[in-house]
Amino acid sequence: MKEKLSEKIFAQLRGDIIAGKYTARDFISESEIAERYGVSKAPVKDALHLLADQGYLVSYPRKGYMVNTFTNEEVNQIQQIRRCLETLCVQLAIENATDEEIERLRDTTIGADMSESPEQTVNYRFHMGLAGISGNPVLVKTLEKLVNIASMTQIRRRPDYSNFHHIIDALLARDQEQAKYWIITDIADV
């Protein structure tokens, strides 16, 4: 399947933002990016909209897009919401997931974590995998942006894999109290 031009531009810009080629609060315009890639504004506009939807950019109509940054306070507010939602994930996973589904979460903890994409980090894969086995697709969709932002802001940090294994072990034991303890421990403030 051929990758769309807007997807290529999106991936390159996201990589540039994560790598720090654009600094916090830099403005990016459609025309600047279109000129840089030698393309029309249409695929650039699509890519910039998606980056804004995912929290990398903030849109300012008729001005352009600004590289978004999150303060520690904002990240901590996101973590607070995640702790509530992910304790629900734990509860639902214990009620609904099979042992095989829970055990497959261990696979998400394998692999390199220094990705240019937050969605490829171990943190993102684990937490979204946990949401997935909850059996509640609305919960998955609700968590997606929050986990993406948390993964994006901490992309160069290594997660505590032992927390993930403690969570998995508690889920397999169907020990809701321990699973909730470890998920709350894992989703710490910065």
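Calculation criteria
Residues numbered from 1 in each chain as written. Predicted model: local features only at pLDDT ≥ 70, side-chain atom pairs only at ≥ 80, totals over all residues. Heavy atoms only, no water. Helix = DSSP H or I, 4+ residues; strand = E, 2+ residues; numbered from the N terminus. Buried < 20%, exposed > 50% of the residue type's maximum accessible area, 1.4 Å probe, protein only. Contact = heavy atoms within 4.5 Å. Areas by Shrake-Rupley, 256 points an atom, 1.4 Å probe, with all protein chains shown as cover. Lys, Arg positive; Asp, Glu negative; His and termini not counted. Charge placed at Lys NZ, Arg CZ, Asp CG, Glu CD. Pairing = 2+ DSSP bridges. Core = buried A, V, L, I, M, F, W, Y, C linked by side-chain atoms within 4.5 Å. Phe/Tyr/Trp six-rings, centres within 6.5 Å; stacked < 30°, edge-to-face > 60°.

A. Representation of the overall build of the protein chain. A count of helical and extended segments in the protein chain gives 9 helices and 3 strands. Each helix and strand of the protein chain, placed in order from N terminus to C terminus, yields the pattern α-β-α-α-β-β-α-α-α-α-α-α. Viewed in the frame of its principal axes, the protein chain has a C-alpha envelope of about 55 × 40 × 30 Å. Here the protein chain, with 190 residues, has 45% of them falling under the buried criterion. Expressed as a percentage of contacts within the protein chain between residues at least 6 apart in sequence, the contacts between residues at least 24 apart total 71%. Roughly 10000 Å² of accessible area belongs to the protein chain as shown, and the carbon and sulfur atoms make up 52% of that amount. Across the protein chain, 23 positive and 28 negative side-chain charges occur, with their mean positions spaced 7 Å apart.

B. Region of the structure containing the environment of glutamine 80. Topologically, glutamine 80 is positioned in helix α4 (residues 72–96). You can call glutamine 80 partly exposed: its relative accessible area is 49%.

C. Structural context of the sheet that holds strand β1 (residues 27–28). In spatial order, the strands read β1-β3-β2; together these 3 strands make up an open sheet with antiparallel pairing. The outermost strands of the open sheet, each flanked by one partner alone, are β1 and β2 (57–60). Bridge count between β2 and strand β3 (residues 64–67): 4 bridges; the pairing is antiparallel. When the sheet's bridge partners are listed, serine 59 is paired in β3 with tyrosine 65.

D. Representation of the nonpolar core within the structure. Within the largest apolar cluster, 31 residues are counted, with the highest numbers of intra-cluster contacts made by Val90, Leu105, Leu130, Ile133, Leu143 and Leu171. Those elements that provide at least two residues to this core are α4, α6 (122–132), α7 (137–153), α8 (161–172) and α9 (176–186). With near-sequence residues (within four places) excluded, isoleucine 133 lies in contact with Ala93, Ala97, Glu101, Ile102 and Leu105. Residues Ile28, Leu48, Ala52 and Leu57 belong to the second largest nonpolar core, which totals 19 residues.

E. Molecular detail of the packing of aromatic side chains. Following the criterion strictly, the structure yields 4 aromatic pairs and no others. Considering the side-chain rings of phenylalanine 126 and phenylalanine 164, the 4.2 Å spacing of their centres and the 15° angle between planes classify their relative orientation as stacked. Placement of the pair is phenylalanine 126 in helix α6 and phenylalanine 164 in helix α8, with a sequence separation of 38 residues. Phenylalanine 164 matches phenylalanine 126 in its accessibility class, with the two residues each being buried. Ring centres 5.0 Å apart and planes at 80° place the aromatic pair tyrosine 181 and tryptophan 182 in the edge-to-face group. On the accessibility criterion, tyrosine 181 (47% relative accessible area) is partly exposed. Of the aromatic side chains, those joined through ring pairs into one cluster are Phe126, Tyr161 and Phe164.

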